[in-house]
Amino acid sequence: MSHPDLSIVIAAWNRVELTRQCLESLRGCRLALEIILIDNGSIDGTTEMVEREFPDVRIIRNRRNRGVTIAWRQGLEAASAPLVCISNNDLVYEPGCLERLVEPLCETDWIGITSPETVMPEDEVIPFFMEAARIPPEPQSQGFRIGFTGWCFVFRKADYPENFDRRFKLWYQDKDFLYTLLFNRRGIPPFRWTVPGKVPVVVPGARIEHVYHASHDQLKPAWITRRTHKDRARFNKKWRGYRGNRYVNDIGWSDTVFDEKSSYQIVTRNDTSPPSDLPLVSIIIPCYNRSDLLADTLESVTRQTYPAYEIVLVDDGSQEDLRPVVERTLHDYPNRWTLARLARNSGPGIARRVGLELAQGDYLQYLDSDDLLHPHKLAEQVAVLDLYPELVMTYAQTNAIDAAGNVQETLGRTDQEFTRILPHIMQRMIWTTSSCLWRRSRTDAQSNWQPLYGPEDTLHDFLIGLCDQPIARTPSDIPLITRRLHLENISHNLAEDAAYQQEILKSYDLMWAALEQSERCTDFRRQMARLYANKIMTFLILRRYWEARHCIDRTREIDRWKLPLDARIAVAINRASGTQVGFALLRRWRWLVKIARRRIARSG
């Protein structure tokens, strides 16, 4: 076979009938399969049966039982397809199983491993990350479930350039493989994922039957016990600390995960709107709970002096019923308005993408559900965009206030003037999402809104900024937006929120990927490298050493001169010691430097 779609690696040690059933179940698969059987010294005629009944199967013979890890290594080295399936010989595949396992890996980059649902005895004790593979008693969602099985898993060969660790003789080689993908193969999944690597999923509808312990039952119990203790000790030593033991337990194993798509339904709407010759403004408001704050926001919207605007609210799977609040507040509002509800909580990026799909306006106002509009906000900004048709956006001043109404910060001040989005958006926060009015004809790309939680607005502005279109500040002497600071802000305590910091790092990766494909890459390489370098300490403080290493590697890749000397020394110490002690020392060193600078500043 010249170009197989999938290489299946099957380790076998006796149990000829089980091997026959497994290979028989693979017949009829619509994929071009390359089946590699590694026989570990079987004495029951396994190889003879395969040669006679399955002549297309490639056989690798070992004179003795060398263990499952060595067999997997041999199979992976021999595999020629871009996708590899590691399979026990005691499995029976249902029709269509392999096709379903392959499809997500071909379509979704953040998925690193796919495993099937498994029919097996309910009383079998298996690791917690394999629980998602059990056939559920009740029908489940059609989405993927986070999980992994060591008896059958499919992955991209490019994601695993090394081979299985031969030091594991009996157990833990599959868990070692899982941890490698979780912590050494960075992915950018579109949901809150607690580890930096690619996601292992169980694919609904892909099913197998599994005869558990078919090979281990041939071994002596005393030898299994000794070998298990050795393999466990080796695994814990290899993956202790930051690499997995603390974080894997935080993963919502068996939780359902979704991609960028999210279905929605229209909850309520008003389709009537008075005729107008003015350009229509679509105000898109993603909302999640916080009905009291939403009511105030809608009140500020209805007080606009500019008459031609519609309201598009997107309920991001709230636990509260927002319909009564919306209908009560907009009861006397004469213009068009819509309340849509997403089928699941998908984040503000997806909510705005759905809002953009429903919007009909010439101009776009993205409004956070806890922000307040000044009555003249739309009127003044529409005037700017009408006067200067070359502008893609105009931004206004924003007052950030606390619960008592005290102004904490003002963004977009009159003493600042920006005519382009880049590179300023990469250096500091200049405006808020709600302070901008966008010209739809130049920004109507739903892909600009990515499924992130928190930095989706910065990424949106960055992607538009790559097109190098002009912007202008709205010439108003007063702030036109009020941003309310409260404990329920997504960005509250963002420095301590590891999940939020992960989302920021995802946005950096997406920014760099877009920048690499842009003609302006050389213009902003240094700023991009600085973003990664500035995040090193954040992840050191959180003791998320893999993310810190990713920031160091990416900084060095983009512009090696932006990597601080102390970070280089830390990496060298790690390499020499084979541990992460360099990062621990770097974290302590930077804290000492920070404390010393504070004391010097106080002493005058």
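Residues numbered from 1 in each chain as written. Predicted model: local features only at pLDDT ≥ 70, side-chain atom pairs only at ≥ 80, totals over all residues. Heavy atoms only, no water.

### Concerning the overall build of the protein chain
Along the protein chain, the regular secondary structure elements total 17 helices and 22 strands. In the protein chain, the share of contacts with a sequence separation of at least 24, taken over all contacts with a separation of at least 6, comes to 78%. Of the roughly 27000 Å² of accessible surface on the protein chain, 50% is carried by carbon and sulfur atoms. Computed over 80 positive and 78 negative side-chain charges, the inter-centroid distance for the protein chain is 11 Å. (Helix = DSSP H or I, 4+ residues; strand = E, 2+ residues; numbered from the N terminus. Contact = heavy atoms within 4.5 Å. Areas by Shrake-Rupley, 256 points an atom, 1.4 Å probe, with all protein chains shown as cover. Lys, Arg positive; Asp, Glu negative; His and termini not counted. Charge placed at Lys NZ, Arg CZ, Asp CG, Glu CD.)

### What to know about the confidence of the model for the protein chain
Here the protein chain shows a mean pLDDT of 87. Residues at 70 or above account for 93%. Low pLDDT, under 50, characterises residues 490-495; the stretch is placed with 12 contacts to residues that sit more than four places away or in other chains. (pLDDT = per-residue confidence, 0-100.)

### Points about the pattern of salt bridges
The final tally for this structure, using the stated rule, is 35 salt bridges. Salt-bridge contacts for Arg 323 lead to Glu 327; the nearest nitrogen and oxygen are separated by 2.8 Å. In this pair, Arg 323 and Glu 327 are both assigned in helix α8 (residues 323-329), four residues apart and thus about one turn of the helix distant. A salt bridge links Asp 559 to Arg 526; the shortest N-O distance between them is 3.7 Å. Highlighted residues: Asp 559 in the loop between α15 (545-558) and α16 (565-577) and Arg 526 in helix α14 (residues 521-541), separated in sequence by 33 residues. Classification of Arg 526 as exposed rests on a relative accessible area of 55%. Residues joined in a network through salt bridges with shared partners are Glu 17, Arg 20, Arg 52 and Glu 53. (Salt bridge = Lys/Arg side-chain N within 4 Å of Asp/Glu carboxyl O. Buried < 20%, exposed > 50% of the residue type's maximum accessible area, 1.4 Å probe, protein only.)

### Points about the pairing of strand β20 (residues 436-439)
Burial of β20 is two-sided: the residues Cys 436 and Trp 438 facing one way and the residues Leu 437 and Arg 439 facing the other way are all buried. Bridge count for strand β17 (residues 393-395) against β20 is three bridges, and the pairing is antiparallel. The partner of Met 393 across the bridge, within β20, is Trp 438. (Pairing = 2+ DSSP bridges.)

### Quick look at the packing of helix α1 (residues 16-26) against helix α2 (residues 46-53)
At a closest axis distance of 9 Å, the pairing of α1 and α2 adopts a crossing angle of 30°. The pairing of α1 with α2 is recorded here as roughly parallel in orientation. For the pair α1 and α2, the crossing hand works out as right-handed. Residue-level contacts link Val 16, Thr 19, Arg 20 and Leu 23 of α1 to Thr 46, Met 49, Val 50, Arg 52 and Glu 53 of α2. Grouping the constituent residues of the contact of α1 with α2 by class yields four nonpolar, two polar and three charged. (Axes fitted to C-alpha atoms, helices over the stretch in contact; angles between N-to-C directions. Parallel < 35°, antiparallel > 145°, perpendicular 65-115°, else oblique. Left-handed = near helix turned anticlockwise from the far one by under 90°. Nonpolar A, V, L, I, M, F, W, Y, C, P; charged D, E, K, R; others polar.)

### Thoughts on a positive patch on the surface
Together, Arg 64, Arg 66, Arg 166, Lys 169, Arg 234 and Lys 237 make up a positively charged patch on the protein surface. If you trace the backbone, Lys 237 turns up in helix α6 (residues 221-238). Exposure remark for Lys 237: the relative accessible area of 61% places this residue in the exposed category. (Patch = residues over 30% accessible without salt bridge, like charges linked within 9 Å, V, L, I, M, F, W, Y side chains within 5 Å.)

### Some words on the packing of aromatic side chains
Summed over all chains, the structure comprises 25 aromatic pairs. When the centroid spacing of 4.8 Å and the interplanar angle of 55° are considered together, the rings of Phe 155 and Phe 177 count as tilted. With a gap of 22 residues between them, Phe 155 in strand β8 (residues 152-156) and Phe 177 in helix α5 (residues 173-184) connect regions that are remote in the sequence. Each member of the pair, Phe 155 as well as Phe 177, is classed as buried. With 4.8 Å between their ring centres and 75° between their planes, Tyr 160 and Phe 177 make a pair best called edge-to-face. Here Phe 177 lies in helix α5 and Tyr 160 lies in the loop between β8 and α5, a separation of 17 residues in the sequence. The two residues Tyr 160 and Phe 177 agree in class, both being buried. Grouped by ring-pair contacts, the aromatic residues Trp 72, Phe 128, Phe 129, Phe 148, Phe 153, Phe 155, Tyr 160, Phe 164, Phe 177 and Trp 253 constitute a single cluster. (Phe/Tyr/Trp six-rings, centres within 6.5 Å; stacked < 30°, edge-to-face > 60°.)

### Some remarks on the sheet that holds strand β21 (residues 471-473)
With mixed pairing, the eight strands of this open sheet are ordered in space as β11-β14-β13-β12-β15-β20-β17-β21. Because the sheet does not close on itself, it has two edges, and the strands there are β11 (264-270) and β21. Ignoring strand direction, the axes of neighbouring strands in this sheet form an average angle of 20°.

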